[in-house]
Amino acid sequence: MSTIKAKLMYTGNGLLEDATLTFDGATIASVGAGADDDVLGEFAVVTPAIIDAHSHIGLIRAGEPGAEAEANEQLDSMHPGTDVLDSIQMDDKGFTASIEAGVLYSCVLPGSGNIIAGNSAVIRNYGVHQNDAFIRRAGIKGAFGYNPMSTRTWKGNRPFTRMGALAILRKQLDDVKMKMEKETAKEDADVTYDLNERVLKAILSGEERLRIHVHKADDIAALLRFVDEYKLDVTVEHTCDVHDDVIYRELAERGIPVVYGPMDSLAYKVELKHESWRNIKYLIDSGVQFGLMTDHPVTPSRQLFLQTR
């Protein structure tokens, strides 16, 4: 057992004085009282850290021109093999501001300009460099709705409509699915997968979770058709235009969680015409499992604590 001591300890549910926090390996064993052996440190104040569940921090960086932002790769609309960790720059001043506000960890995702945008990275906001900051992966980023069809001037195979975007996705999933079926049917089948196909295979086999950017109820309904057709493991990210509890209740019944937000941002496109902080009532009342995001820099990471109000 390892112990941290504090004169003041904020637990999230209250304030303790002269308290200890005891760990059994990576698990918290007790809060408030504990053994005096293996004391890791004694501090004036200990508080919980906040985790930003969906962020582009380190990709769209404070004080740098938009042309240097690295949230979206513009070579094509499908980038399953892209690794967001390769573009995170730890000297982004956004990290310093987030740490000062108690947001010590972020799940960084590629942007939503592509149908499949690449792998995520959960990081320590106080890391010295990429490798020092990295903790683990947390799914592959994808996007439904307006954003993928808005990138018509970018390079590669680009959709002009929602049905076009989903046709591109369905075609690539079907291609990999047929390879998987051939491989299963015949043990010595000559089947090979390139980098992008290996990621899609992991998605189809349930080894990887899809983190889907989506705001409108109809686009969530389209995602649920894909879930049924391909047996996908997904989380639904954003949902800011949802203004009743019908789709949330279906997500709750299916056990599909929501990463909600960002709150207090400008409704800057038609896709967000029903956006309101009041919509969170439907999220809470539905019983769906959810967490909060800042979508940094759409709202700054440092504001996550304020958004919990």
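Right above here is the structure, for reference.
What counts and how
Residues numbered from 1 in each chain as written. Predicted model: local features only at pLDDT ≥ 70, side-chain atom pairs only at ≥ 80, totals over all residues. Heavy atoms only, no water. Axes fitted to C-alpha atoms, helices over the stretch in contact; angles between N-to-C directions. Helix = DSSP H or I, 4+ residues; strand = E, 2+ residues; numbered from the N terminus. Parallel < 35°, antiparallel > 145°, perpendicular 65-115°, else oblique. Left-handed = near helix turned anticlockwise from the far one by under 90°. Contact = heavy atoms within 4.5 Å. Pairing = 2+ DSSP bridges. Core = buried A, V, L, I, M, F, W, Y, C linked by side-chain atoms within 4.5 Å. Buried < 20%, exposed > 50% of the residue type's maximum accessible area, 1.4 Å probe, protein only.

Asker: Could you clarify how one ought to interpret the packing of helix H4 (residues 162-185) against helix H6 (residues 217-230) in this entry?
Answerer: Between two packed helices, what matters for the description is the angle formed by their axes and the separation of those axes. One way to put it is that H4 packs onto H6 with a least axis distance of 12 Å and a crossing angle of 15°. Relative to H6, H4 is oriented roughly parallel. Where H4 crosses over H6, the two elements pack in a sense that is right-handed. Residues Arg162, Leu166, Leu169, Arg170, Leu173, Asp174 and Lys177 of H4 touch H6, and the partners they reach there are Asp219, Ala222, Phe226, Glu229 and Tyr230.

Asker: Please explain the sheet that holds strand S12 (residues 234-238) as it appears in this structure.
Answerer: The strands making up a sheet associate through hydrogen bonds between their backbones, and the pairing can be parallel or antiparallel. Across the sheet, which stays open at both edges, the 6 strands sit in the order S7-S10-S11-S12-S13-S14 with mixed pairing between neighbours. With partners counted over all chains shown, the strands left at the sheet margins are strand S7 (116-119) and strand S14 (290-292), one partner each. Ignoring strand direction, the axes of neighbouring strands in this sheet form an average angle of 25°. With respect to the sheet, H6 is in contact with strand S11 (210-214) and S12, its orientation differing from that of S12 by roughly 170°.

Asker: What is the right way to look at the nonpolar core in this model?
Answerer: The nonpolar side chains of a soluble globular protein tend to be buried with one another. In this structure, Phe144, Leu232 and Leu251 are the most contacted members of the largest nonpolar core, which totals 46 residues. Of all the secondary-structure elements, those providing two or more residues to this core are H4, helix H5 (195-204), S11, H6, S12, helix H7 (246-254), strand S13 (258-260) and helix H8 (280-286). Once residues lying within four places of it in the same chain are set aside, the contact partners of Leu251 are Ile220, Leu224, Val236, Ile256, Val258 and Val288.

Asker: Please clarify how the sheet that holds strand S1 (residues 2-10) should be interpreted in this entry.
Answerer: Taken in spatial order, the 4 strands line up as S3-S2-S1-S4 in an open sheet, and their pairing is mixed. Both outer strands of the open sheet, strand S3 (27-31) and strand S4 (39-46), are each paired with one neighbouring strand and no more. Averaged over all pairs of adjacent strands, the angle between strand axes in this sheet comes to 20°, irrespective of strand direction. Bridge count between S1 and strand S2 (residues 15-24): 8 bridges; the pairing is antiparallel. Across the sheet, the residue bridging to Ala6 is Ala19, located in S2.

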